[in-house]
Amino acid sequence: MTDTVAQRISLFRSHILNRRLDGAALREIESVMASKDVKSSMEVRSSLREFIRSESMSVIRENAEKPVEKKLLDLDFLVRAFALLGDVEASCLALRYEALLLREFKSTSCQWLEVSCAEWLNFAEQSLDYGFHSIVRRACENALLCFQKTYKTEAKTVEFFEGVEIIEKIRRLKECALTSAASRSVQAQAAKYMKSKLIDRTQACPSVSKRTLCLATTLFRNGIRKRNLRSLRESQSLLKMTDESNTSQS
């Protein structure tokens, strides 16, 4: 890692620790992630992700009693930071969901915070891409509520076919999430069943081998007995023939 990159990482950490969650901090991390050294270094990326995850929890706790505007600004910063760090799948989506729920909760008193149907649908699609099926269903339900609310207040401006298309999109997303979740559940059950069968077979192998060995031993012993018995009978037959021959000669 070059000195320049190390300095930028140090500066980014300083921004976060001093709670200067602004565009300057984002530019620092963007510059760091664009560096060739960092692109090839999973260790640096992982370290930065762990750092921002830890600090994000502290930021959320510290903001508990602060105005909603401050909470949303910091959440937006953290979402952008996680996106730049490539941690979209979990942390970024989780914080976006947190921000959407916060806006929805506060929108009763601050109408400008209201989440639109399009925002919920966009979030649902991204959540589906990353396999968060339960979140997709909730996002779809919220999208439908938003649409119904908008349709009631702005029925004249919402085209009929546009409304049908939105409802159909919500239905498809929800069904896709349900199907994917069910499929994953079936796959998990199948994997569990196959694993149990493999364990059963593994446990059964020694006993099967033992039974096979016992059977082979028994057959082998029976064969010896039959051979010995046959030899005995042949010997007895020869002795009898010899005795009869001697008797006739006498």
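Criteria and thresholds
- Residues numbered from 1 in each chain as written.
- Predicted model: local features only at pLDDT ≥ 70, side-chain atom pairs only at ≥ 80, totals over all residues.
- Heavy atoms only, no water.
- Salt bridge = Lys/Arg side-chain N within 4 Å of Asp/Glu carboxyl O.
- Helix = DSSP H or I, 4+ residues; strand = E, 2+ residues; numbered from the N terminus.
- Buried < 20%, exposed > 50% of the residue type's maximum accessible area, 1.4 Å probe, protein only.
- Contact = heavy atoms within 4.5 Å.
- 1 Å grid on protein atoms, 1.4 Å probe; cavity = no way out; pocket = protein on both sides within 12 Å on 5 of 7 lines; lining within 4 Å.
- Points joined across faces, edges and corners; volume = space filled by probe spheres on them.
- Axes fitted to C-alpha atoms, helices over the stretch in contact; angles between N-to-C directions.
- Parallel < 35°, antiparallel > 145°, perpendicular 65-115°, else oblique.
- Nonpolar A, V, L, I, M, F, W, Y, C, P; charged D, E, K, R; others polar.

Enquirer: Help me understand the pattern of salt bridges in this model?
Expert: Any two side chains of opposite charge can pair, on the condition that their charged atoms come close. Inspection of every chain in the model, using the stated rule, returns 14 salt bridges. Of the charged contacts in the structure, one is a salt bridge between Arg53 and Glu50, with a shortest N-O distance of 2.7 Å. With Arg53 and Glu50 both in helix α4 (residues 42–62) and 3 residues apart, the pair spans about one turn of that helix. On the accessibility criterion, Glu50 (45% relative accessible area) is partly exposed.

Enquirer: What am I meant to see in the environment of Ser127 here?
Expert: Among the structural elements, Ser127 can be located in helix α7 (residues 117–129). Separated by 34 residues in sequence, Ser127 and Leu93 place their C-alpha atoms 7.2 Å apart. Sequence-distant contacts of Ser127, that is, excluding residues within four places in its chain, are made with Leu93, Phe132, Ile135 and Val136.

Enquirer: I would appreciate a short explanation of the environment of Ile167 in the present structure.
Expert: By secondary structure assignment, the location of Ile167 is in helix α9 (residues 160–249). The exposure class assigned to Ile167 is partly exposed, which follows from its relative accessible area of 40%.

Enquirer: Looking at this structure, I do not really get the environment of Thr179. What am I missing?
Expert: Within the secondary structure, Thr179 is located in helix α9. Residue classification places Thr179 among the exposed positions, given a relative accessible area of 55%. Linking Thr179 and His133, residues 46 residues apart in sequence, is a C-alpha distance of 9.2 Å.

Enquirer: Help me out: how do you make sense of the layout of surface pockets in this one?
Expert: Taking a probe equal in size to a water molecule and rolling it over the atoms shows the remaining empty space. If you add up the space inside the largest pocket, you get close to 250 Å³. Lining the largest pocket we find 12 residues, and of these Cys117, Ala118, Phe147, Glu162 and Ile166 sit closest to its centre. If you add up the space inside the second largest pocket, you get close to 190 Å³. In this structure, the second largest pocket is lined by Leu72, Leu75, Asp76, Val79, Leu95, Arg96, Ala99, Leu100, Arg103, Glu119 and Asn122. Secondary structure elements with two or more residues in the lining of the second largest pocket: α5 (68–84), α6 (88–106) and α7. With 5 residues, the single largest contributor to the lining of the second largest pocket is α6.

Enquirer: Just to check I follow, could you spell out the packing of helix α1 (residues 3–17) against α4 for this structure?
Expert: Angle between the axes and distance between the axes are the two parameters that describe a pair of packed helices. Close contact between α1 and α4 brings their axes to 11 Å; oriented N to C, the two are set at 10°. Here α1 lies roughly parallel to α4, going by the angle between them. Packed against α1, whose contacting residues are Ile9, Phe12, Arg13, Ile16 and Leu17, the element α4 presents Val44, Ser47, Leu48, Phe51, Ile52 and Glu55 at the interface. Along the lines of polarity and charge, the residues of the contact of α1 with α4 split into 8 nonpolar, 1 polar and 2 charged.

Enquirer: What is the right way to read the packing of α4 against α5 from this model?
Expert: As a packed pair, α4 and α5 sit with axes 11 Å apart at the nearest point and diverge in direction by 170°. For the element pair α4 / α5, the angle class is roughly antiparallel. Contact residues: Arg49, Ile52, Arg53, Ser56, Val59 and Ile60 in α4; Asp74, Leu75, Leu78, Ala81 and Phe82 in α5. Tallied by class, the residues present in the contact of α4 with α5 amount to 7 nonpolar, 1 polar and 3 charged.

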